[in-house]
Amino acid sequence: GEDVEQSLFLSVREGDSSVINCTYTDSSSTYLYWYKQEPGAGLQLLTYIFSNMDMKQDQRLTVLLNKKDKHLSLRIADTQTGDSAIYFCARGSSARQLTFGSGTQLTVLP
Amino acid sequence: DVKVTQSSRYLVKRTGEKVFLECVQDMDHENMFWYRQDPGLGLRLIYFSYDVKMKEKGDIPEGYSVSREKKERFSLILESASTNQTSMYLCASSLQGENIQYFGAGTRLSVL
């Protein structure tokens with residue numbers, strides 16, 4: 001299977017919470033990242049979590065890491081139309097590279 | 001703020017043409033990367049460089065080459081463009097020893 005896996009699509013209603021999930025196979029990753037790509041733009045770093053942490057919160061964003069299950073999630077509280085974008089999960093490697101998932105297209109419905 | 005600039009947002013080329021995609025970063029980063037992005041496949045690493053005049057193959061280097069003559073500039077070259085190279089190309093840079101990468105806005109290349 002793929003090294004980093006994500007669902008391709010997610011739709012939520014404006015004001016609801018969004019949860020984007022990611023699984024990975026390589027447990028040696030030191031950091032795990034979430035990037036956001038708005039239409040027609042490059043990737044922008046949203047947040048990241050060190051592998052010895054379980055949770056990180058940054059305003060409306062909450063990252064949860066389950067190391068045992070190799071599962072990472074990004075929760076966006078009070079989702080707004082401006083949150084519509086593609087969200088990429090990525091894991092860092094010792095070779096200074098990043099391995100990306102396929103991206104989840106988040107659509108926020110009014 | 002880190003700025004990574006890709007010289008073109010959109011390019012249209014003919015099959016067989018030689019194509020240059022340019023990327024410049026202004027933060028003195030040692031590491032630079034070229035990816036292509038295709039729907040449902042995420043980002044795939046084409047080539048990367050950790051220093052001037054240094055290059056390493058990524059996961060899909062076939063049909064591409066790169067040049068890094070100066071620290072701030074990393075060029076991707078399609079020696080003879082083919083239709084299956086129609087894609088979004090993203091350049092990124094990072095500091096030595098760090099994983100966090102900063103991306104340019106991308107170049108959407110169409111090969112006809």
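This text follows the structure it describes.
Read on for an overview of the structure. Quick caveat, the model's predicted, so the values are computed rather than measured. (Residues numbered from 1 in each chain as written. Chains lettered and ligands numbered in written order. Predicted model: local features only at pLDDT ≥ 70, side-chain atom pairs only at ≥ 80, totals over all residues. Heavy atoms only, no water.)

Taken residue by residue, the interface counts 22 residues in chain B and 20 residues in chain A. When the two sides are added together, the surface that chain B and chain A hide from each other amounts to roughly 1,700 Å², 54% of it contributed by carbon and sulfur. Taken together, the links from chain B to chain A amount to zero salt bridges. Across the chain B-chain A interface, the total number found is five residue pairs in polar contact (both at pLDDT 80 or more). Elements with a contribution of two residues or more to the side of chain B that touches chain A: β4 (31-38) and β5 (42-49) of chain B. (Contact = heavy atoms within 4.5 Å. Buried area = accessible area lost by both parts, 1.4 Å probe. Salt bridge = Lys/Arg side-chain N within 4 Å of Asp/Glu carboxyl O. Polar contact = N/O pair within 3.5 Å; in protein donor to acceptor, adjacent residues only side chain to side chain. Helix = DSSP H or I, 4+ residues; strand = E, 2+ residues; numbered from the N terminus.)

Residue and element names in this part refer to chain A. Tallied over the entire structure, the rule returns 13 salt bridges over all chains. The partner of Arg91 in a salt bridge is Asp3, and the shortest N-O contact between them spans 2.6 Å. Taken together, the positions of Arg91 in strand β9 (residues 85-92) and Asp3 in the segment before β1 (4-6) put the pair 88 residues apart, joining distant regions of the chain. Classification of Arg91 by relative accessible area gives buried; the value is 8%. A relative accessible area of 22% means that Asp3 is categorised as partly exposed. (Buried < 20%, exposed > 50% of the residue type's maximum accessible area, 1.4 Å probe, protein only.)

On to the sheet that holds strand β3 (residues 18-24) of chain A. The strands that make up a sheet pair up through hydrogen bonds in the backbone, lying either parallel or antiparallel. Residues and elements named next belong to chain A. Across the sheet, five strands lie side by side as β1-β3-β8-β7-β6; this open sheet has antiparallel pairing. Strands with a single pairing partner mark the edges of an open sheet, and in this sheet they are β1 and β6 (55-58). Shown here is a sheet whose adjacent strand axes are inclined to one another by a mean of 15°, direction ignored. Inspection of the sheet shows β1 paired to β3 by three bridges, in the antiparallel sense. Its bridge partner lying in β3, Glu5 is registered against Thr23. (Pairing = 2+ DSSP bridges. Axes fitted to C-alpha atoms, helices over the stretch in contact; angles between N-to-C directions.)

Looking now at the pairing of strand β7 (residues 65-70) of chain B. Residues and elements named next belong to chain B. Pairing analysis gives four bridges linking β7 to strand β8 (residues 73-78), with the strands arranged antiparallel. Its bridge partner lying in β8, Ser65 is registered against Ile77. Remark: two residues form the turn of the hairpin made by β7 and β8, two consecutive strands paired antiparallel.

Time to look at the nonpolar core. Trp34, Ile46, Leu76, Leu78 and Tyr89 of chain B are the most contacted members of the largest nonpolar core, which totals 20 residues. Dropping the residues within four chain positions of it, Tyr89 of chain B is found in contact with Gln6, Leu21, Trp34, Tyr35, Arg36, Ile46, Tyr64, Leu76, Leu78, Gly106, Thr107 and Leu109 of chain B. In terms of nonpolar packing, the next biggest core, distinct from the first, is built from 19 residues, Trp34, Val63, Ile76 and Cys89 of chain A among them. (Core = buried A, V, L, I, M, F, W, Y, C linked by side-chain atoms within 4.5 Å.)

Here the focus is the sheet that holds strand β3 (residues 19-25) of chain B. All names here are of chain B. With antiparallel pairing, four strands are arranged side by side in an open sheet as β1-β3-β8-β7. Every interior strand has two partners, whereas the edge strands, β1 (4-6) and β7, have only one. Pairs of neighbouring strands in the sheet enclose a mean axial angle of 20°, with direction left out of account. Relative to β8, β3 is paired through six bridges, and the arrangement is antiparallel. Bridge pairing in β8 links Val19 to Leu78.

Attention shifts here to unusual backbone geometry. All names here are of chain A. Positive phi, normally seen in glycine, also occurs at Lys70, with a value near 55°. Looking at where Lys70 falls in the secondary structure, it is placed in the loop between β7 (61-66) and β8 (71-76). Take Lys70: its relative accessible area is 25%, and that puts it in the partly exposed class. Look at Asp78: it is not a glycine, yet its phi comes out positive at around 50°.

By themselves, these figures tell us nothing about what the structure is for.
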